[in-house]
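What the coordinates show
Each chain is listed here by its residues.
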Amino acid sequence: MDFIFYFGDVFTFTSIALLLAGTFFGLILGATPGLSPTMAVALAIPFTFKLDPAQGLILLGALYTSTVAGGAVSAILLKIPGAPANIATTLDGHQMAKNGQGARALQLSFLASLVGGVFGILVLIFMVKPLANVALFFGYSHYFWLAILGVTIIGSLGSKSVVKGLLSGCIGLWLATIGFDDILGTQRFIFHPALGGGIHIIAALIGIFAIPQVIEMFAKGRQKVNMEAIEVEKHSISQAASEITRNPRALGIGTAVGTIIGLIPGIGGQIAGLVAYDQSQKFSPDKAKYGTGHPEGLIAAESANNAMVGPSLVPLLTLGIPGSPTAAVLLGGLIIHGIFPGTDLFDNHPEVAWTFINSMLIGQVVMCLFGLYIAGLAARIAQVPQSVMAAIVLGLALFGSYSVQTSMGDVYVMGALGIAMYFLERYGFSAAPLVLGLILGPIAESNFVTGSTIAAAQNGTFIYFFTGWLNFILIGLVVASIAYSAWSEISAKKGATA
Amino acid sequence: MNRLEQIIPTGIIAAVGIWVAWVSYTQQPSEAFLFPRIFSGVFVALSLWTLIEAILGKGAKGSGLSVSMVKNFAPGVIIMVIYLFWAAKFFGFYTATTVTFFILLSLYDPASHNELKSWGKRALITVCFIAVMYGLFAKLLRVYTPREIFF
Amino acid sequence: MKKLLAGAAIALAALTTQAAADGHANYPDRPVMMVVSYGAGGATDFQARIVTMTAGNEDALGMPIAILNKPGAGGRVGWNWFATQAEADGYTLSAYNVPHFIAQSIKGGVEYSTDSFEPIANWGADPAVFVVSTDSEMNSMADVVAFAKANPGKLTFSGAGLFVGHHIAALQIEKAAGVKMAYIPTKGGGSAAMKAVIAGDVMGGVNNLSDAFRAAAAGNVKILGVADLERSSFLPDVPTMMEQGLDVDNSSVNFRGVMVPKGTPQGVIDKLAETVPAMFANKRVAGKMKAGGSPMHIMNRAEVQAMWAARQETLEALLAGL
């Protein structure tokens, strides 16, 4: 219960000011396409040079929590996921906005973020020591199986046909191998100089999600304004709050999945939302509503990607191992003040550790209040005419993809992938499995390669990848997941013929 | 729906898959292409499956394209390609974006094209957008975008 | 009309480039970008952010330096981009890591070599160290060598990739001891390689002194030897490889510094070569670097040129047999 004694440090004038500023800019940066939480936090590092350690971390922590939540804004309103964490948010969130329920979608998203985020940080506060070693259980073979487990949900994710879903996943795996091989340094599939640096995930996300949408708007031609224009429904915050409480299943699944995945370093942030979305769909009685603007999907995705924030810091704070790129930047923010996270952080620098964690807890609340405040206003973006919207999204796509690495190569990759994706979508292929392949491919590959090099020096590949209790559990889950997909495919076909 | 319309995209994907598999199995060093070799087999198998489905006229189709849609999006897509792949770098981001934005509005805005007022509105929206982009990317985020000939 | 416009555009472009060519006196008149070929939060990124934090001061460049991360394939992605696509106008700098980029260029498959870049100054020297987890039975390099002799090819040890400083140190240790061990390159930089050691995925590892120093302070690893000519002031109790009878010199020491692409105007290079070493020497910078456990080693342009040439020679000899 030590953490309670350090709440006082958060409620100083400077700390509160930093918290508010961090949250405010975090929401803006998170909502900007092309700016991931990692980049937002890295941008703020120079400011922390001038602050004392606890204050610097308050700023970084507030930025981290609010950029993750802010990514939902552009995912819902523009269908541009700001970071991989928000891919699942686009699936139902953007549909809701299209149906005129933008305000409701944003409110639900911020409330779900609050619930997930607070739970995740409470887990961090109360379980940090018992959970410290979880990160060390996972070796290369386990990561490989985790990635394969992720691949198995591809077939069922947002695609009407399992075959085309898997094929989209394969295309994603291929795109992920373009560029330099990460371990051996061999150049692969570089058929154009712009591909020299590989396909950056953020640039790919912008292209794959934003550009097809722009073309779709073009395809409608000169639409008469506001004939079928969307009435943006007013939606009160109390309505949203009661709706959240009426969805305990989606909220519970999202929070649980996010927390568990967050504990596994290196994999969490990117896929927590997608896995939670998939699980919530599998356990839901109205499976068919997913993808059509169903609040459950949005709630599961957003609670998951915020629930992962707290637990993802456990390996950093206890072992000094950054579990995600963002955690790596936070590590820099600590080291710069001569504080080395490790087993003794909570004993030697409790004021830094607890002030940081407490400020993230309060940051969640501030973020939610800000978000609810802007929701009604931001939702009006749905009233913007299609012609203007197409031009805005196109402009944002250019600037966003360029600023990822200030590179024209990323812009070309973004444009080419986006145009190709539009045509693929018209013929039954879908974006979500493709992106999942793009994310999981490198994880599966590098862990397979490193694992088999270790295995070759020990007892051989089979023993390394197929023995041990954790491997057994993960392989079991993979088999169960495939069996479930096959079973639901068959029963759906039976249902169709009966 | 036209069967040929299904065969073309699935055929292109099958061709890509076969090319990926061919590259994976012919290039050296083989360790670097181990993973591509594994998945490209699946890639080829699945893409041939969808191609055969398309030839037989079965399988999930997606909504396809129609002539009116293509006519509608063709000018926009051409402008988009010029903008992303050439103009942005050649003229500088802000100039290219201003011009493209205004052209797209003129093309797709259903409001009257004969009244001065609606042209004024388009110009105003363009200026507002560029101002916001400049504030966000140049001032707040300090991204140095290509400035080339103009800005 | 179109021709007129195009003509005007060309004339304008010519005018601005002319102005830029003559304008070295004003350099830099806008913020400068520095490419780091490793991920945000890694040792190189972290140090690059510290040593450039005073760039905006009047006695330094007078303009801030913004860090841009282009990670991938042990640095190859970033340096390839820098060698082939970056504009040689002095507004795009890059951090270098020696011996990494030199070893990679000798090995081949990349589009850069020491001839593609012009060094400006060096800020740090981070030796490679050999680490094992705290509960390991190995307590000295002699134990490591003895185990490797008894179990040829079975001793697994991690490092941050192929043809980087860690790999060079690994090759030198194997060669000096005359043993065969299993070097495991990991993806994700020094911290991923360190995690493999702490978690027991591998039996030992080569890592950066700065990262190992922190992990040892936290009680997660033991440091058995330093691959440098002298002991480090951060680890006065840890003997060098030479002291333990292994003929390993400082070829693997990770020198970090700033460079520009070949073709950058001489005026700009001179200006940078004059101001940057002084910028590194700033007292605030030194304080932050020390607090972070990052050893500094400032060298000017001429010294770095000599160091690059020397490394090129030793690495060519070392890698010749591979």
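The following refers to the structure shown.

Rules of the game
Residues numbered from 1 in each chain as written. Chains lettered and ligands numbered in written order. Predicted model: local features only at pLDDT ≥ 70, side-chain atom pairs only at ≥ 80, totals over all residues. Helix = DSSP H or I, 4+ residues; strand = E, 2+ residues; numbered from the N terminus. Rg over C-alpha atoms; globule rule 2.2 N^0.38 Å. Buried ≥ 20, exposed ≤ 12 C-beta atoms within 10 Å, placed from the backbone. Contact = placed C-beta atoms within 7 Å. Pairing = 2+ DSSP bridges. Axes fitted to C-alpha atoms, helices over the stretch in contact; angles between N-to-C directions. Expected span 1.5 Å × (residues − 1). Nonpolar A, V, L, I, M, F, W, Y, C, P; charged D, E, K, R; others polar. Right-handed = clockwise from strand over helix to strand, strands pointing away.

When you go through chain A residue by residue, the secondary structure sums to 23 helices and two strands. Relative to a compact globule of 498 residues, whose C-alpha radius of gyration would be 23 Å, chain A shows 22 Å and is just as compact. Overall, chain A is about 65 × 60 × 50 Å in size when its C-alpha atoms are taken along their principal axes. Counting only residues that meet the buried cut, chain A has 66% of its 498 residues in that class. Residue pairs at least 24 apart in sequence account for 79% of intrachain contacts in chain A once pairs closer than 6 positions are excluded.

This next bit is on the sheet that holds strand β2 (residues 65-69) of chain C. All names here are of chain C. Taking strand neighbours across the sheet as the criterion, the six strands line up as β2-β1-β3-β10-β4-β11 in an open arrangement whose pairing is mixed. Each of the sheet's edge strands pairs with one partner strand only, and the pair in question is β2 and β11 (296-299). The mean inter-strand angle of the sheet, taken between neighbouring strand axes irrespective of direction, is 25 degrees. Across three bridges, strand β1 (residues 32-36) lies against strand β3 (residues 92-98) in parallel orientation. Bridged to Val35 within β3 is Ser94.

A word on the environment of Tyr108(B). Relative to the helices and strands, Tyr108(B) resides in helix α4 (residues 93-108). Note: C-alpha distance between Tyr108(B) and Asn72(B) (36 residues apart in sequence) is 9.0 Å. When near neighbours in sequence (up to four residues on either side) are disregarded, Tyr108(B) contacts Phe218(A), Arg222(A), Ser387(A), Ala390(A) and Gly76(B).

Turning to helix α1 (residues 3-26) of chain B, a few remarks are in order. Side chains of residues three or four places apart in an α-helix project in the same direction, reflecting 3.6 residues per turn. The terminal C-alpha atoms of α1(B) lie 34 Å apart, and with 24 residues this matches the ideal 34 Å at 1.5 Å per residue to within 8%. Turning to α1(B), its buried residues number three or more, namely Gln6(B), Pro9(B), Thr10(B), Ile13(B), Ala14(B), Gly17(B), Val20(B), Ala21(B) and Ser24(B). Buried residues in α1(B) make contact with α9 (162-177) and α20 (408-426) of chain A together with α2 (34-56) of chain B.

The next point concerns the interface of chain C and chain A. In many analyses, interface size is given as the accessible surface area lost on bringing the parts together. Contacts between the two partners involve 46 residues from chain C, matched on the other side by 45 residues from chain A. Classifying every residue of the side of chain C that touches chain A gives 21 nonpolar, 16 polar and nine charged.

Turning our eyes to something else, we now look at helix α7 (residues 189-199) of chain C. Residues and elements named next belong to chain C. Summarising burial for α7: ten of the eleven residues are buried, a large majority. If you check which residues of α7 are buried, you get Gly189, Gly190, Ser191, Ala192, Ala193, Met194, Lys195, Ala196, Val197 and Ile198. Following α7 by one or two positions, Gly200 adopts a phi angle in the positive range, close to 80 degrees.

The next subject is the pairing of strand β7 (residues 182-185) of chain C. Within a regular strand, the side chains alternate between the two sheet faces. All names here are of chain C. Both faces of β7 are covered, namely the face carrying Ala182 and Ile184 and the face carrying Tyr183 and Pro185. Strand direction decides the pairing type here: strand β6 (residues 156-159) and β7, joined by four bridges, are parallel. Note on β7: the bridge partner recorded for Phe157 is Tyr183. Handedness of the β6-helix α6 (residues 165-177)-β7 crossover: right-handed.

Note that all results are geometric; they support no functional claim without further evidence.
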